[in-house]
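Results of the structural survey
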Amino acid sequence: MSNSPRERALAAIAALPSFAPVPALEFTVGNRLAIIGDPDVAFGWGERVQQACAVIVLATAHHHRLAALRAAHPDALVLPVDRAAIEGHAGAYRVLWECGDEQGEIACDLILDLQATPHWSGFELPVGYFAPGSDPLDQALAVLALVQLIGEWEKPRYVRFSSALCAHERNRIGGCSRCLEVCDTQAIRPSGDHVAIDPYWCQGCGDCVGVCPTGAVRFQYPRPADWSTALSAALDAWSDETPCTLLCYDERWRGALAQWEAEGGELPDHFLPLPIWRTTIFNEEWLLYALLRGVAQIVLVSAAEMEKPALLRAAAIVQTVFEALGDPYAAERVSIVCETTPEALTKRFSAPLSPYVSPGRFRFRLQTEKNDSMRLIRDALAKLAAERQVDAPVLLPSGSSWGAVAVTDRCTLCFACTGVCPTQALQAGGGIPKLQFTEARCVQCGLCANTCPEQAIELTPRWNPSQEANQAVILRQSEPAYCAECGAVLGPRSVLDKMVATLQSHPLFGQPDRQLLLRLCADCRVKAQFRETDPVRIWEL
């Protein structure tokens, strides 16, 4: 039996039963290759791949030379184009082209875009579309890569999306757009009240998972429950006085670590290496879980500087929470490093921290839905806060998915906010005109504030450690107004009184008997109109 805590932990992970397979996406990619750009360059690469591909050249320049090129390459399809638009994905691309008054469409499996200004740029390009620019070496590498895509193959469905939880939009009023802002592949696009994720374009960067406040986007490679199961097994087997520093990195850094270890390098004894597909999937949910489970410190290796903002925001939230709990090492619990070497990393983190939470105290796992996981995390944090007599709300950094809602005196209890809240944090009071709020459910998406016609709602990112966060509190209420005849509830008395006072100066409502119509329900108002000898007519209003 291994004596090293790390060896025992890794052995425990290896002994776990296989997790359920991740759903796969099937690609069938034929050999139809569309090359867009200068015809001389396009034909040059077309000749090199003609044994493997059926080449279609869309010439964007030198149209006068096409006759000679067609004669020299009788088997190639050549089309002069002024403009080209591209749709679809690998194995099912469509190129919509225009040339003068002519236009048409071609279907292809792969695209090599050699234009000086490619159709797509500025983001991580979809699989099967290559825009290598003018450098011959980059063009050669792109050609080698595209030929290897021909055939039938699969890739994981990296994320699971629940449109019912998405807080993007309601009734054409914008709410949360965090995933749209961070998606590097443009796989996420607006689609009415929610977003839509194109699984063929998604390349599993995980940024959307890290910023989604409601859990509408959940990662599947790995699933949160599977990852927490592996971490729990490792920590149970660790069972040593040596603190555990969790080291997470993706395959882009794995090669550097393997080479360093092959050359004699060795991680410190307190390091538990746990590779993952992308470190960007870590948000406050995953970070807090690991620390509550007994991890002393989390070190995330980010392969690119551009991936750090979301991670830094999550780390700042964790730091603020642990500072409020009185942790002297709160600022060091989560460390995010970028473009580092294994040797530099081990020197920087050679001294282990003591864990803030005793290993094994909290033994829950991450759940399928984020709301369920966060409820368990909040409960654990509330226990720690109660032990340390921390009960006052703690302000969190901007962008946090925890927080409170407050309403000003401008609120008329129209309840527009309750109709758009994706988590039911805001609810109407049934038969009594009152607005209730449950803080533990709020994700700070902003839909309520953007929907409010009176601009009476204010959001405050914070962590409330008290039990009040789990209880519905009344933000605003009013005495109900009842129908003067049948007694049915009409709505808030304050709103009805204001409406009557406003309409008193109107000629049709100057008399008391006419004002009485305003204090009747819809059914009683119709009956009253039929009893009148001179009823109010709609065209007189």
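It should be emphasised that the depicted structure is a prediction, and the values quoted were computed from it without experimental measurement.

1. Here we look at helix α10 (residues 308-324)
Helix length check: α10 (17 residues) gives 24 Å between terminal C-alpha atoms against 24 Å at 1.5 Å per residue, within 8%. Every buried residue belonging to α10 is among Lys 308, Ala 310, Leu 311, Ala 314, Ala 315, Ile 317, Val 318, Thr 320, Val 321 and Phe 322, and all of these are buried. The first or second residue beyond α10 is Gly 326, which carries a positive phi of 85 degrees.

2. So, the state of the cysteines
Under the defined criterion, the tally for this structure stands at 0 disulfides. Here Cys 99 is not cross-linked by a disulfide; its sulfur's nearest cysteine counterpart is in Cys 108, at 18 Å. Cys 183 forms no disulfide, and the closest cysteine sulfur to it belongs to Cys 205, at a distance of 5.6 Å.

3. A short note on a nonpolar patch on the surface
Together, Leu 137, Leu 141 and Leu 144 make up a nonpolar patch on the protein surface, roughly 320 Å² of accessible area in all. Counting through the fold element by element, Leu 137 comes out in helix α4 (residues 136-147).

4. Digging into the packing of helix α1 (residues 5-14) against helix α7 (residues 224-238)
At a minimum axis separation of 8 Å, α1 and α7 run at an interaxial angle of 140 degrees. By the angle between their axes, α1 is oblique relative to α7. Seen along the crossing, α1 lies across α7 with a hand that is right-handed. Seen from α1, the contacting residues are Pro 5, Arg 6, Arg 8, Ala 9, Ala 12 and Ile 13; seen from α7, they are Ala 230, Ala 233, Ala 234, Ala 237 and Trp 238.

5. Some thoughts on the sheet that holds strand β22 (residues 403-407)
Within the open sheet, the 3 strands sit side by side as β21-β25-β22. Their pairing is antiparallel. Taken across any chain shown, the strands that pair with only one partner, and hence form the sheet edges, are β21 (394-395) and β22.

6. Structural notes on the nonpolar core
Inside soluble globular proteins, nonpolar side chains tend to come together where they are buried. Core analysis: the biggest nonpolar cluster contains 110 residues, and Leu 112, Trp 227, Leu 231, Phe 282 and Leu 381 have the highest contact counts within it. In this view, Leu 231 contacts Leu 246, Leu 272, Leu 274, Tyr 289, Ala 290 and Val 295; residues no more than four positions away in its chain are not counted. Of all hydrophobic cores here, the second largest spans 16 residues; its members include Cys 411, Cys 417, Ala 456 and Ile 457.

Reading guide: rules and limits
Residues numbered from 1 in each chain as written. Predicted model: local features only at pLDDT ≥ 70, side-chain atom pairs only at ≥ 80, totals over all residues. Heavy atoms only, no water. Helix = DSSP H or I, 4+ residues; strand = E, 2+ residues; numbered from the N terminus. Expected span 1.5 Å × (residues − 1). Buried < 20%, exposed > 50% of the residue type's maximum accessible area, 1.4 Å probe, protein only. Disulfide = S-S within 2.5 Å. Patch = residues over 30% accessible without salt bridge, like charges linked within 9 Å, V, L, I, M, F, W, Y side chains within 5 Å. Areas by Shrake-Rupley, 256 points an atom, 1.4 Å probe, with all protein chains shown as cover. Salt bridge = Lys/Arg side-chain N within 4 Å of Asp/Glu carboxyl O. Axes fitted to C-alpha atoms, helices over the stretch in contact; angles between N-to-C directions. Parallel < 35°, antiparallel > 145°, perpendicular 65-115°, else oblique. Left-handed = near helix turned anticlockwise from the far one by under 90°. Contact = heavy atoms within 4.5 Å. Pairing = 2+ DSSP bridges. Core = buried A, V, L, I, M, F, W, Y, C linked by side-chain atoms within 4.5 Å.

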